[in-house]
Amino acid sequence: MKNLFLAISLAFYNFSFSQVIFGNTTGTVPAGQKNSVLLEFATGQNKGIILPYVRTVPSGSGLVEGTLILDATNATKAKIKYYNGVTSAESPDGWMDLSNGNTADITTAMGIQPTSAVVTEESAAKVIIGTDTTSAEGVLVLESDTKAMVLPMVNSTDDVPDPAPGMLVYINKSGAKRLALFNGGGWTFWKP
């Protein structure tokens, strides 16, 4: 009975304080600081996260600030967008253009994406990291008030051999630390 209790306690401890690391078991965050991380990536991989391609820009009550997409409503004018929930002349629907007005023709990439005629979307399907449930819509939902995701890091976007439309990385280079987003035609850069 004592061993069973110990095994259950260890399993609960590991589940409660664990995180997800893609690429290896080490990640990029120093060991003593991992308690504030939900999701991180291996160092030196020169890869990034690819955002969901959408043919219809999401709207409605389930939409949460912080949502990122590759807007492919017009595949010849694709843009990366961020939902900030604030309507303005630049973003009348609350979606902010992170491609700085630059567009990309991703017709070829969209040609290999499934369509609704081929795939029936399961609208409630999602991966949630940080809790068991969420009211937020999305493919990958990070749900925590105290933990964050550490983006894949590169020294330069030139190090990414073949970026896909919708890719995002963090440039972790002295004097050039910034978020880089690839819309399929070129990179845009955002710094704090």
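Cut-offs used in this document
Residues numbered from 1 in each chain as written. Predicted model: local features only at pLDDT ≥ 70, side-chain atom pairs only at ≥ 80, totals over all residues. Heavy atoms only, no water. pLDDT = per-residue confidence, 0-100. Contact = heavy atoms within 4.5 Å. Pairing = 2+ DSSP bridges. Helix = DSSP H or I, 4+ residues; strand = E, 2+ residues; numbered from the N terminus. Salt bridge = Lys/Arg side-chain N within 4 Å of Asp/Glu carboxyl O. Buried < 20%, exposed > 50% of the residue type's maximum accessible area, 1.4 Å probe, protein only.

### Notes on the confidence of the model for the chain
Parts of the model with low pLDDT should not have their predicted coordinates read in detail. Residues at a pLDDT of 70 or more form 86% of the chain, whose mean pLDDT is 82. A low-confidence stretch, residues 1–17 stays under pLDDT 50, and its non-local contacts, those more than four residues away or across chains, total two contacts.

### Description of the sheet that holds strand 7 (residues 95–97)
Taking strand neighbours across the sheet as the criterion, the four strands line up as 4-5-6-7 in an open arrangement whose pairing is mixed. Bordering the open sheet on either side are strand 4 (53–54) and strand 7, each of which pairs with just one other strand. Bridging between strand 4 and strand 5 (residues 68–71) involves two bridges; their strand directions are parallel. Residue pairing across strands places V54 opposite D71, the latter belonging to strand 5.

### Looking at the pattern of salt bridges
Under the definition given, this model contains two salt bridges. Of the charged contacts in the structure, one is a salt bridge between K81 and D71, with a shortest N-O distance of 2.9 Å. Of this pair, K81 sits in strand 6 (residues 79–83) while D71 sits in strand 5, and the two are ten residues apart along the sequence. Its relative accessible area of 6% is what places D71 among the buried residues.

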